[in-house]
Amino acid sequence: MPALPDILFFVFAFLTLLCGVLVVANPFSRNPVTSAMFLVLTIISMAGLFVLLHAFFLAAVQILVYAGAVMVLFLFVIMLLDLKEEERRKVKKFGLIAGLVSVGAIATIFLKVLVTTQPGAGLPVPTLEGQPANLGHLLFTQYLLPFEVVSVLLLVAMIGVILLTKKDFK
Amino acid sequence: MHVGLEHYLAVSALLFCLGLLGVIARRNLLVIYMSLELMLNAANLALVSFSRFNNNLNGQVLVFFIITVAAAEVSVGLALIVALYRKRQTAHVEDLTRMKL
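Residues numbered from 1 in each chain as written. Chains lettered and ligands numbered in written order. Predicted model: local features only at pLDDT ≥ 70, side-chain atom pairs only at ≥ 80, totals over all residues.

Draft legend 1. Seen up close, the overall build of chain A. Helix and strand content of chain A: six helices and zero strands. Starting at the N terminus, the α and β elements of chain A follow one another as α-α-α-α-α-α. Taken over the C-alpha trace, chain A has a radius of gyration of 21 Å; the compact-globule value for 170 residues is 15 Å, which it surpasses by more than 25%. Overall, chain A is about 55 × 40 × 25 Å in size when its C-alpha atoms are taken along their principal axes. The buried share of chain A, taken over its 170 residues, is 24%. For chain A, restricting intrachain contacts to residue pairs at least 6 apart in sequence, the fraction spanning at least 24 positions comes to 63%. (Helix = DSSP H or I, 4+ residues; strand = E, 2+ residues; numbered from the N terminus. Rg over C-alpha atoms; globule rule 2.2 N^0.38 Å. Buried ≥ 20, exposed ≤ 12 C-beta atoms within 10 Å, placed from the backbone. Contact = placed C-beta atoms within 7 Å.)

Draft legend 2. Structural detail: the overall build of chain B. Across its full length, chain B carries three helices and zero strands. Walking chain B from its N terminus toward its C terminus, one meets helices and strands in the order α-α-α. On C-alpha atoms alone, chain B measures out to a radius of gyration of 17 Å, which is more than a quarter above the 13 Å that the 2.2 N^0.38 rule sets for 101 residues. In terms of its C-alpha atoms, chain B occupies a principal-axis envelope of roughly 55 × 25 × 15 Å. A burial count over chain B gives 49% of its 101 residues as buried. Excluding contacts between residues fewer than 6 apart, the proportion of contacts in chain B whose partners are at least 24 apart in sequence is 44%.

Draft legend 3. Inspection of the packing of helix 2 (residues 32-52) of chain A against helix 2 (residues 29-53) of chain B at higher detail. For the pair helix 2 of chain A and helix 2 of chain B, interaxial distance at closest approach is 11 Å and the crossing angle is 5 degrees. Classed by the angle they form, the pair helix 2 of chain A and helix 2 of chain B counts as roughly parallel. Counted together, Pro32, Ser35, Ala36, Leu39, Thr42, Ile43, Met46, Leu49 and Phe50 of chain A of helix 2 of chain A and Leu30, Val31, Met34, Glu37, Leu38, Asn41, Leu45 and Val48 of chain B of helix 2 of chain B form the full contact between these two elements. Among the residues making up the contact of helix 2 of chain A with helix 2 of chain B, the classes are represented as 13 nonpolar, three polar and one charged. (Axes fitted to C-alpha atoms, helices over the stretch in contact; angles between N-to-C directions. Parallel < 35°, antiparallel > 145°, perpendicular 65-115°, else oblique. Nonpolar A, V, L, I, M, F, W, Y, C, P; charged D, E, K, R; others polar.)

Draft legend 4. Structural view of the interface of chain A and chain B. Counting residues at the interface gives 72 residues for chain A, matched by 59 residues for chain B. For the side of chain A that touches chain B, the class distribution of residues is 54 nonpolar, 16 polar and two charged.

Draft legend 5. Up close: the packing of helix 6 (residues 144-164) of chain A against helix 3 (residues 58-88) of chain B. Interhelical geometry of helix 6 of chain A versus helix 3 of chain B gives an angle of 10 degrees and a closest axis separation of 9 Å. Relative to helix 3 of chain B, helix 6 of chain A is oriented roughly parallel. Where helix 6 of chain A abuts helix 3 of chain B, its residues Pro146, Val150, Leu153, Leu154, Ala157, Gly160, Val161 and Leu164 of chain A lie against Phe65, Thr68, Val69, Ala72, Ser75, Val76, Ala79, Leu80 and Ala83 of chain B. Within the contact of helix 6 of chain A with helix 3 of chain B, the residues separate by chemical class into 14 nonpolar, three polar and no charged.

Draft legend 6. Representation of the nonpolar core within the structure. Among the nonpolar cores identified, the biggest contains 67 residues, and Phe50 and Leu58 of chain A together with Leu30, Met34 and Leu45 of chain B are the most heavily contacted of them. Counting only elements with at least two residues in this core, the list comes to helix 1 (4-24), helix 2 and helix 3 (56-81) of chain A together with helix 1 (5-25), helix 2 and helix 3 of chain B. Of the residues forming this core, the biggest block, 13 residues, is contributed by helix 2 of chain B. The contacts of Leu58 of chain A, once residues within four sequence positions are left out, are Phe50 and Gly130 of chain A together with Val48, Gln60, Val63 and Phe64 of chain B. (Core = buried A, V, L, I, M, F, W, Y, C linked by C-beta atoms within 7 Å.)

Draft legend 7. A look at the domain arrangement of chain A. Domains assigned within chain A are domain 1 (4-130) and domain 2 (132-170). Distance from the C-alpha centre of domain 1 of chain A to the C-alpha centre of domain 2 of chain A: 25 Å. (Domains from an automatic or database assignment.)

Draft legend 8. Geometry of unusual backbone geometry. Residue and element names in this part refer to chain B. Even without being a glycine, Asn55 presents a positive backbone phi close to 55 degrees. Position of Asn55 among the secondary structure elements: in the loop between helix 2 and helix 3. In this structure Asn55 comes out as exposed when scored by C-beta crowding, with 12 C-beta atoms within 10 Å. For Gln89, which is not a glycine, the phi torsion comes out positive at approximately 55 degrees. With respect to the helices and strands, the residue Gln89 is situated in the segment after helix 3.

Draft legend 9. Main features of helix 2 of chain B. With 25 residues, helix 2 of chain B extends 37 Å from end C-alpha to end C-alpha; this agrees with the ideal 36 Å at 1.5 Å per step. The first or second residue beyond helix 2 of chain B is Asn55 of chain B, which carries a positive phi of 55 degrees. (Expected span 1.5 Å × (residues − 1).)

Right under this line is the structure:
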């Protein structure tokens with residue numbers, strides 16, 4: 001009888017990969033809105049994986065920032081652009097086959113490396129807890145400068161977006 | 001079967017490959033952008049699992065920064081797509097082959 005976290009891992013991993021497939025290649029719909037919705041589901045099940053890895057703060061941030069803010073932005077832009085013509089276009093066979101072959105090769109390399117090197121063998125029992133207090137302590141001591149730089153980056157992004165979306169953008 | 005680091009890394013690798021497939025095979029700018037997000041998320045998963053199994057919190061701090069930068073990147077990228085759509089009335093990469101606006 002496997003332990004509960006192991007069962008949950010397989011559930012969340014299956015959900016993540018299934019929804020990931022449906023983002024990229026949905027056989028029923030090629031509407032970007034469907035892709036965006038499945039991306040939300042992928043992100044939420046990935047937050048479940050984060051919880052299983054005891055990264056509680058990151059799981060919360062993942063749902064708040066990705067599934068909340070970023071995906072709302074995506075949906076907003078999709079609605080704004082009115083992308084009906086995507087459905088009418090044919091899929092290019094050549095691009096699809098070339099993509100499948102190259103990506104299959106890369107996936108084989110990844111998995112082969114994982115099987116042969118066994119990176120998890122001989123590691124101690126994990127005891128790390130990703131609570132906000134632990135993470136916050138590190139963020140405000142060792143990573144204080146990057147933290148401040150990131151805030152400047154967000155400001156720059158905000159100004160850039162306002163400039164780019166102005167009506168009389170040259 | 002005990003779930004270890006390899007299992008998480010396998011999920012992360014497969015997710016990354018899915019994102020790559022989306023970038024190569026799909027022709028809609030917005031779907032390509034979502035596939036990029038998928039690849040970023042796969043990298044995040046690998047970092048968090050390495051962080052957990054090596055008992056080192058630095059990986060999670062890096063993921064925190066990646067999420068922040070990805071949010072900024074998404075906003076700028078979507079603004080570029082909107083600006084491009086205003087000029088060319090399309091979000092399809094095969095119609096956007098000229099360097100000149």
